[in-house]
Structure formats: C-alpha cells, structure tokens
Amino acid sequence: MSAAHQDLIDPFGRQIKDLRISVTDRCNFRCTYCMPEEGMQWLPRSEVMSFEEIEHLSRLFVERYGVRGIRLTGGEPTVRAHLPVLIEKLARLESADGPIDLAMTTNGATMRLIAPTLRDAGLRRVNISLDTLVREKFVRMTRRDELDNVLDGIAAAQKAGFDPVKINAVIERGVNDDEIVDLATFGRERQVEVRFIEFMPLDADGHWLSEQVVGQDEIVETINAVYPIEQMPARGAAPADRFRYLDGAGKIGVIPTVTKPFCGDCDRVRLTAEGEFRTCLFATKEFDLLSALRAGENDDQIAARIEAAVATKWAGHRINQVNFIRPGKSMSQIGG
Ligand code: SF4
C-alpha cells in the first residue's frame with residue numbers, strides 16, 4: 001500500500017482520480033467519426049512515450065496524487081508492440097486503495113488472439129468498441145471488414161475472465177441509430193454491458209453537426225419501448241448514466257456528453273501518446289510533460305507542471321455554447 005498522497009484538486013473542487021493514457025496515435029481501423037481514410041500523420045516513434053516514461057509518469061500520478069484508475073487508449077492500444085509488458089509494469093502500481101484499476105479501450109480486432117495474455121499481465125477491465133452488427137455497415141463505418149474478428153474478440157475477452165466486458169457504441173443519426181435496440185439485444189444475449197455514446201465533435205474531418213447527435217433521452221426511450229429499463233442511482237464521476245433492465249437481463253450505460261454534460265463530477269485527466277498533459281477531452285491547451293522528463297526534470301518539477309495545469313482546468317466542455325472551440329486534435333490523437 002503506497003504512502004499517504006496529496007490530493008490533486010482542480011479549481012472547482014473536483015479531485016483527479018482517473019488517468020487516461022494514449023499509448024499510440026496509430027490504429028488499424030479508419031472509423032469515419034474519428035479519422036480520414038488515408039489515416040493521420042503518425043507521430044515519429046521517437047516522439048512517442050516509451051514504456052519506462054509511461055510507467056514513470058503513471059507512478060507519479062498514482063503515488064503522489066492517489067490516482068486510482070488508469071485507462072489505456074490510443075489510436076488503438078493493441079497495435080503498440082509488446083503491450084503486455086507495459087500492462088505488467090502498470091499493474092504493479094499501488095494507490096492508497098491498493099492495486100490500481102487498470103482498464104483499456106480497444107476496437108477489439110485482435111482481442112481473440114491476445115485477451116488471455118492481457119488478462120495475465122494484469123489488465124482488469126476492457127471496453128470494446130462496436131457500433132454496428134451489420135457487416136456492410138461495419139465496413140462503411142470502420143473502413144475495415146473486421147466485424148467477425150471483433151465479435152470473436154468480445155467472446156475471447158469474456159472467456160479470459162474480463163468482467164464486465166463493456167461495449168462502446170457511438171450512435172450517429174442516419175448511420176446506426178436504427179440499431180439501438182439490436183445492440184441492446186446483443187448485450188442482453190451476450191451478457192455484456194452496452195454503453196451508448198453520444199456522437200462528439202472530435203472527428204478528424206471536422207464534419208460533426210449537432211443534428212447527427214442522438215441524445216440520451218431518445219436512446220433510453222427507444223430501448224425502454226422494447227425492454228423496460230429503470231435508471232440506476234447516481235453515477236458519481238463515472239461518465240455513463242446506467243440503467244437496468246426490469247426483467248433482470250443486465251444493464252446498459254449512456255454517455256450523454258453533448259445533451260447532458262457531466263463535467264461537474266469530472267475526475268479525469270489525460271496523457272497523449274507524445275506525453276502532452278490534457279485536463280479535458282476537449283481541452284484546447286496541452287502541457288508537455290515528456291519533454292520535461294527527457295530534459296531531466298525531477299519529480300517535484302514535473303509535479304509542479306501537473307499542478308499548474310490542473311489549476312487551469314475549466315468547469316467543463318462548451319460544446320453547446322457559442323464560444324465552443326473544437327480541440328486542435330482528433331479523438332485518435334487525444335485518446336478516448
Ligand atoms: S468533457 Fe472534459 S471536463 Fe467534461 S467530463 Fe469530459 S474530460 Fe471532464
């Protein structure tokens with residue numbers, strides 16, 4: 001159990017407890033709501049945090065500030081070579097509450113091959129993206145013919161002992177909103193928790209329009225009309241509102257970033273693959289921790305940078321406001 005830590009509190013009294021780390025900006029998919037067909041200008045490998053640098057900065061957040069949860073993201077984290085080595089390093093970190101809650105968000109394409117290895121390395125939870133159950137549409141949305149592999153990946157994750165396996169489904173009007181009930185049925189039958197995510201303005205093409213957003217109320221009404229559900233008690237800092245099926249067949253989650261912002265309880269910060277510290281998914285300003293680390297700054301100096309950055313954290317995103325400015329990076333460059 002690590003020694004007492006100093007709470008990292010932002011100007012609105014929110015304590016930082018969750019760190020999202022992008023381990024690569026690269027991806028083996030080309031989801032239309034994330035990046036262009038040709039991909040992005042990838043970071044040179046030399047600019048991407050090494051496993052030792054990720055471990056060093058993670059240890060600082062966990063041991064100095066009591067961060068309890070780390071979520072690995074990307075791009076697509078599983079395209080980073082030797083990922084289990086990094087997971088083993090991070091799984092050894094201990095917060096005041098004991099071992100950290102180490103999770104990962106993945107597109108699931110290779111989970112059928114690596115799920116047991118990731119589990120054995122110490123990964124505790126996994127979210128797998130699945131926006132459609134229709135093969136043609138999957139190819140249209142991801143520009144990859146990988147639906148079967150993703151479905152096998154979900155089964156492999158369950159078999160490897162990840163519980164619960166959660167499914168992230170970004171719902172876009174006119175694209176996959178006709179599958180809300182089908183995805184709910186999938187979750188009921190496979191005993192996975194589907195989290196319906198409102199479409200956010202983080203697409204590399206910059207085509208996002210609020211008309212494309214299918215809001216939480218509409219998603220809930222659509223499901224409730226077929227499978228009666230009830231809302232579960234308050235979510236705390238977790239991004240999803242959760243609902244349970246009245247017939248006991250499980251739960252769903254909805255992440256209403258656009259229509260019901262939950263920034264008031266936000267406990268999250270992020271590190272991009274190149275070691276830029278972000279206090280919000282939609283932040284327009286970043287703080288370079290990697291260069292400081294590589295320049296030989298000690299932990300106190302880097303901690304001072306972290307605290308100075310957190311002191312600038314805003315109350316919340318401004319998507320629905322006239323002064324909303326899209327972040328200069330897309331989802332694949334920030335990490336989910
Ligand atoms: S939008 Fe930013 S402030 Fe709001 S919950 Fe997400 S990360 Fe936190």
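Residues numbered from 1 in each chain as written. Predicted model: local features only at pLDDT ≥ 70, side-chain atom pairs only at ≥ 80, totals over all residues. Heavy atoms only, no water.

S.K.: How should I be thinking about the site of the ligand in this particular structure?
M.R.: Around the ligand, the neighbouring residues are F262, C263, C266, R268, R270, C280, L281, F282, G316 and H317. Here the shell around the ligand is built from residues that sort into 6 nonpolar, 2 polar and 2 charged. (Near = heavy atom within 4 Å. Nonpolar A, V, L, I, M, F, W, Y, C, P; charged D, E, K, R; others polar.)

S.K.: Mind showing me how you'd approach the packing of aromatic side chains here?
M.R.: The geometry of an aromatic ring pair is captured by the separation of the ring centres together with the interplanar angle, meaning the angle of the planes. Counting across every chain of the model gives 6 aromatic pairs. A centroid spacing of 5.5 Å and a plane angle of 40 degrees characterise the contact between F61 and F277, whose relative ring orientation is tilted. Taken as a pair, F61 in helix 1 (residues 51-65) and F277 in strand 13 (residues 276-278) lie far apart in primary sequence, 216 residues in all. Judged by relative accessible area, F277 falls into the buried class, the value being 0%. (Phe/Tyr/Trp six-rings, centres within 6.5 Å; stacked < 30°, edge-to-face > 60°. Helix = DSSP H or I, 4+ residues; strand = E, 2+ residues; numbered from the N terminus. Buried < 20%, exposed > 50% of the residue type's maximum accessible area, 1.4 Å probe, protein only.)

S.K.: Would you mind going over the pairing of strand 12 (residues 268-271) with me for this structure?
M.R.: When a strand is regular, its side chains alternate between the sheet's two faces. Here strand 12 shows a buried face lined by R268 and R270 and a second buried face lined by V269 and L271. Relative to strand 12, strand 1 (residues 18-22) runs parallel, the two being bridged by 4 bridges. Considered in strand 12, the bridge of R20 is made with R270. In the sheet, strand 12 pairs with strand 13 via 2 bridges, with the strands oriented antiparallel. For L271, the partnering residue across the bridge sits in strand 13 and is F277. Where strand 12 folds back onto strand 13 in an antiparallel hairpin, the turn is made up of 4 residues, including G275, whose phi is positive at roughly 75 degrees. (Pairing = 2+ DSSP bridges.)

S.K.: Any chance you could explain unusual backbone geometry here in plain terms?
M.R.: Leaving glycine aside, a negative phi is the common case for residues, and trans is the common case for peptide bonds. Note that the residue after D163, namely P164, is joined by a cis bond; omega there is -5 degrees. One non-glycine residue, H82, lies in the positive phi region at around 65 degrees. Even without glycine at this site, Q191 takes up a positive phi of about 55 degrees. Looking at the element boundaries, Q191 is found in the loop between helix 6 (180-190) and strand 8 (193-198). The class of Q191 is exposed, set by a relative accessible area of 52%.

S.K.: What's the story with the environment of I70 in this structure? I'm lost.
M.R.: Its place among the elements puts I70 in strand 2 (residues 69-73). For I70, a relative accessible area of 0% translates into the label buried. Sequence spacing of I70 and A103 is 33 residues, and the spatial spacing of their C-alpha atoms is 6.3 Å. When sequence neighbours within four positions are dropped, the list of residues in contact with I70 reads L19, I21, S58, V62, L93, I100, D101, L102 and A103. (Contact = heavy atoms within 4.5 Å.)

S.K.: Could you clarify how one ought to interpret helix 7 (residues 216-224) in this entry?
M.R.: The α-helix winds at 3.6 residues per turn, so residues separated by three or four positions along the chain end up facing the same way. Turning to helix 7, its buried residues number three or more, namely Q216, I219, V220 and I223. Across the axial projection of helix 7, the buried residues extend over an arc of 95 degrees, all falling on one side. In this fold, the buried residues of helix 7 make contact with strand 7 (165-171), helix 6, strand 8, strand 9 (229-231), strand 10 (241-245) and strand 11 (251-255). (Arc of directions from axis to C-beta.)

S.K.: How do you make sense of the sheet that holds strand 10 when you look at a structure like this?
M.R.: Pairing between the strands of a sheet comes from backbone hydrogen bonds, and it takes one of two forms, parallel or antiparallel. Here we have 12 strands laid out as an open sheet, ordered 9-10-11-8-7-6-5-2-1-12-13-14, and mixed in their pairing. Strands with a single pairing partner mark the edges of an open sheet, and in this sheet they are strand 9 and strand 14 (287-288). Of the strand pairs in this sheet, strand 9 and strand 10 are connected by 3 bridges, and their pairing is antiparallel. Considered in strand 10, the bridge of Q231 is made with F243. This element, helix 1, spans strand 1, strand 2, strand 12 and strand 13 of the sheet and lies at about 170 degrees to strand 1. (Axes fitted to C-alpha atoms, helices over the stretch in contact; angles between N-to-C directions.)

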